[in-house]
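# Residue-level structural notes
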Amino acid sequence: MNEDGSLYAETCDFQKQDASCILDMYSRLLKWGDGDHVMDVGAGEGSVSLEVLLPKLPTNFKELVLADVSSKLLDFARERCDDERVNYRQMDISSRTIPDEFRQHFDHIFSFYCLNWVVGVDENKRAMKNIFDMLKPGGDILFTIISSTPIYDFWENMAKSKRWENYSNNVNNLISPYHHLNNSAETLRRPFQKTAVRNLSTTTPKRSGNIPRSPFFKMAPETRRFSCRTKFLSLVLRNH
Ligand SMILES: C[S@@+](CC[C@H](N)C(=O)[O-])C[C@H]1O[C@@H](n2cnc3c(N)ncnc32)[C@H](O)[C@@H]1O
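Overview of the structure. From a predicted model like this one, the values you see are computed outputs, not experimental measurements.

Conventions we followed
Residues numbered from 1 in each chain as written. Predicted model: local features only at pLDDT ≥ 70, side-chain atom pairs only at ≥ 80, totals over all residues. Helix = DSSP H or I, 4+ residues; strand = E, 2+ residues; numbered from the N terminus. Buried ≥ 20, exposed ≤ 12 C-beta atoms within 10 Å, placed from the backbone. Contact = placed C-beta atoms within 7 Å. Core = buried A, V, L, I, M, F, W, Y, C linked by C-beta atoms within 7 Å. Near = placed C-beta within 6 Å. Nonpolar A, V, L, I, M, F, W, Y, C, P; charged D, E, K, R; others polar. Right-handed = clockwise from strand over helix to strand, strands pointing away. Pairing = 2+ DSSP bridges. Arc of directions from axis to C-beta.

## Things to note about the overall build of the chain
Within the chain one finds 8 helices and 7 strands. Residue burial in the chain is summarised as follows: out of 240 residues, 33% are buried. In the chain, once contacts between residues fewer than 6 apart in sequence are set aside, the share between residues at least 24 apart is 80%.

## As for the nonpolar core
Formed by 45 residues in total, the largest nonpolar core has its most connected members in Met39, Leu66, Ile109, Ile131 and Ile141. Leave out the neighbours within four places in its chain, and Met39 touches Val65, Ala67, Phe106, Ile109 and Met134.

## Notes on the site of the ligand
The full set close to the ligand counts 21 residues, and Gly42, Gly44, Ile93, Phe112 and Cys114 are the nearest of them. Breaking the shell around the ligand down by element, the ones donating at least two residues are α2 (13-26) and α3 (47-56). Tallied by class, the residues present in the shell around the ligand amount to 13 nonpolar, 6 polar and 2 charged.

## Looking at unusual backbone geometry
Phi is positive for Gln104, close to 50 degrees, though the residue is something other than glycine. Position of Gln104 relative to the elements: it lies in the loop between β3 (86-90) and β4 (106-112). Of the residues examined, Gln104 has 12 C-beta atoms within 10 Å and is grouped as exposed. Positive phi, normally seen in glycine, also occurs at Tyr113, with a value near 60 degrees.

## Describing the pairing of strand β5 (residues 135-148)
Burial analysis of β5 places 10 of its 14 residues in the buried class, which makes it a mostly covered element. You can see the chain leave β4, run along helix α5 (residues 121-134) and come back into β5, and the turn it takes is right-handed. One ladder, built from 8 bridges, connects β5 with strand β7 (residues 231-238); its direction is antiparallel. Looking at β7, one finds that Ile141 is bridged to Leu237.

## What to know about the environment of Ser111
Here Ser111 lies in strand β4. As a C-alpha pair, Ser111 and Gly42 span 69 residues in sequence and 6.3 Å in three-dimensional space.

## Examining α3
Because an α-helix packs 3.6 residues into every turn, residues spaced three or four apart end up facing the same way. Among all positions in α3, only Ser47, Val48, Ser49, Val52 and Leu53 are buried. Seen end-on, α3 carries its buried residues on one side only, within an arc spanning 165 degrees. Those residues of α3 that are buried lie in contact with α1 (5-11), α2, β1 (37-41), β2 (63-68) and β4.

None of the figures reported here should be taken as evidence of function without further support.
Structure representation (structure tokens):
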């Protein structure tokens with residue numbers, strides 16, 4: 001992924017809008033306590049975590065950990081916040097082990113638009129297991145992924161054409177592992193079957209109004225007309 005934090009910060013209006021909408025929709029399902037530990041997986045340069053999630057946390061939370069595979073993006077995030085309860089942790093969520101101190105440590109784990117980047121089947125399974133293993137009994141998970149979008153079809157078709165094939169070697173690393181599945185919601189939920197599922201929904205937030213304002217779509221105007229049919233999946237789970 002691109003690790004330019006300032007470019008992401010400039011162009012993530014609708015990630016922030018969606019995360020805000022999703023938190024408003026689902027936060028009533030989350031069980032808040034006193035001194036909760038919170039993690040945001042795939043926090044990147046911190047816009048969503050610090051501008052959307054942090055202000056919506058109850059004031060008595062104990063800790064918010066921004067986790068990301070990119071230390072460069074985390075450095076960018078660190079520069080933006082001086083709240084002592086916010087910590088930063090470089091970690092690959094699909095790695096074979098999780099830090100011991102994080103085992104059953106978090107009351108709430110959030111993740112916005114990260115798990116669709118964990119494209120290998122085994123890596124994706126491990127990511128789900130790691131998230132679950134970091135959760136306290138009674139804790140909850142709220143995550144959102146891009147399940148499918150015509151933009152992925154567009155990239156795949158470009159990669160097959162003579163004109164673009166040389167620029168498209170890594171196209172499979174860009175495509176959500178859920179894109180070609182008919183039952184993406186079920187597949188997403190499967191690794192958590194031993195947990196009590198509180199809510200599962202497939203949402204397509206109406207956000208086309210903001211799209212023309214994004215510099216990303218100015219750079220790639222041909223993708224603008226596809227983006228409205230993007231399908232998102234949000235999942236809220238509670239550990240027994
Ligand atoms: C599209 S950005 C989302 C950033 C932020 N959550 C948001 O909603 O705007 C995806 C983030 O996931 C991170 N990421 C991708 N694969 C990861 C992995 N295996 N472990 C941890 N973070 C990962 C990327 O570095 C990137 O910061």
